[in-house]
Amino acid sequence: NNRDLNYALSDFDRPHVFQAQAVFELPFGQGKPFLSGVNRVTDLLVGGWTLSGQFVAQSGRPMTVYSGAYTFSNINQTPANCDGCSSDAGSIHEEVTSEGDALVWYFTPEERERFSIPAPGEFSNVGRNFFRGPGGINLNLSLAKRTRTVGEQILEVRADATNVLNSPTFGFPTLTQNSGTFGRIRDTVISGSRKVMLGVKYYF
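K.L.:
Just to check I follow, could you spell out the side chain of Thr 71 for this structure?
P.N.:
In this fold, Thr 71 is placed in the loop between strand 3 (62-63) and strand 4 (81-82). Look at Thr 71 and you get buried, because its relative accessible area is 13%. Here Thr 78 takes part through its side chain, which lies 3.0 Å from a polar atom of the side chain of Thr 71. Within the structure, the side chain of Thr 71 is placed 2.8 Å from the backbone oxygen of Glu 122, a separation counted as a polar contact. Among all residues touching Thr 71, those that are not within four sequence positions of it are Thr 78, Ile 117, Pro 118, Ala 119, Pro 120, Gly 121 and Glu 122.

Printed below as a string of structure tokens:
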């Protein structure tokens, strides 16, 4: 009945989020600052280009490390203890197994050793949502070429690329302290791979 034990950051809390969008019309071709005096044929090649993009960088969401035991309640699993831990513990890194395989982990071996199961009747010394999961970045770009054909009609050829940097954004690692894969990020990649789409539009 002690509701204060549930006091913590919201699951959707993100202290740092940066978003930027930009559209840049390249200054080349007729009526533009550069190469404005070119003929019609050359203008078809150098004029009408537009570059646009969207960039997002954000910190990770809060997460709870569980003990795998019900020391405080038979309804909710008790969060794990963590001795000498700070809320910024954890980072994406690789650890090589004895077979030579490189696996992605979030908590280091030293950090994992600090976690333990609370004693019977006791609650976690760090509580719910004390740690923060991986953050991520994403960059989308578009390059378009518009050419006026007849009257006000326009032909547009474009290339749209998502996740241009092909940077993975990982989900939470295994968060149960007594699990054999505790602290490891297995298949939880929540971002898509780099994709490029070519398209043609005709405005009339």
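Let us keep going from here.
K.L.:
What is the right way to look at the nonpolar core in this model?
P.N.:
Residues Met 63, Val 65, Cys 82, Phe 107, Phe 115 and Phe 131 are the most contacted members of the largest nonpolar core, which totals 15 residues. When sequence neighbours within four positions are dropped, the list of residues in contact with Cys 82 reads Arg 114, Phe 115, Asn 125, Val 126 and Phe 131.

K.L.:
Sorry if this is basic, but what is going on with the sheet that holds strand 9 (residues 136-148) here?
P.N.:
Two strands in a sheet stick together by hydrogen bonds in their backbones, pointing the same way (parallel) or opposite ways (antiparallel). A sheet is described by the order of its strands in space; here five strands give the open sequence 1-2-9-10-11, paired in antiparallel fashion. Strands with a single pairing partner mark the edges of an open sheet, and in this sheet they are strand 1 (17-25) and strand 11 (195-203). On average, adjacent strands in this sheet sit at an angle of 10° to one another, irrespective of strand direction. Relative to strand 11, strand 10 (residues 154-162) runs antiparallel, the two sharing nine bridges. Residue pairing for strand 11: Thr 162 is matched across the bridge by Lys 195.

K.L.:
Looking at this model, I keep getting lost on the pattern of salt bridges. Mind explaining?
P.N.:
Any two side chains of opposite charge can pair if their charged atoms end up close together. Within this structure, the stated rule accounts for eight salt bridges. We note a salt bridge from Asp 11 to Arg 128, for which the minimum N-O separation is 3.5 Å. Note that Asp 11 is positioned in the segment before strand 1 and Arg 128 in the loop between strand 7 (115-116) and strand 8 (131-132), a separation of 117 residues in sequence. Note on Arg 128: relative accessible area 23%, which makes it partly exposed. Residues Arg 158 and Glu 156 are paired through a salt bridge, measuring 3.2 Å at the closest nitrogen-oxygen approach. Residue class for Glu 156 comes out buried when judged on its relative accessible area of 2%. A single network of salt bridges, built from pairs that share partners, joins Arg 146, Glu 156, Arg 158 and Asp 160.

K.L.:
Please clarify how the state of the cysteines should be interpreted in this entry.
P.N.:
Simply put, the disulfide is a covalent bond whose two ends are the sulfur atoms of two cysteines. Scanning the entire structure with this criterion turns up one disulfide. Note on cysteine connectivity: Cys 82 is disulfide-linked to Cys 85, with sulfurs 1.6 Å apart. Because the sign of the S-S torsion sets the handedness, a value of about -50° for the bond joining Cys 82 and Cys 85 places this disulfide among the left-handed ones. Residue classification places Cys 85 among the buried residues on the basis of a relative accessible area of 18%.

Procedures and definitions
Residues numbered from 1 in each chain as written. Predicted model: local features only at pLDDT ≥ 70, side-chain atom pairs only at ≥ 80, totals over all residues. Heavy atoms only, no water. Helix = DSSP H or I, 4+ residues; strand = E, 2+ residues; numbered from the N terminus. Buried < 20%, exposed > 50% of the residue type's maximum accessible area, 1.4 Å probe, protein only. Polar contact = N/O pair within 3.5 Å; in protein donor to acceptor, adjacent residues only side chain to side chain. Contact = heavy atoms within 4.5 Å. Core = buried A, V, L, I, M, F, W, Y, C linked by side-chain atoms within 4.5 Å. Pairing = 2+ DSSP bridges. Axes fitted to C-alpha atoms, helices over the stretch in contact; angles between N-to-C directions. Salt bridge = Lys/Arg side-chain N within 4 Å of Asp/Glu carboxyl O. Disulfide = S-S within 2.5 Å.

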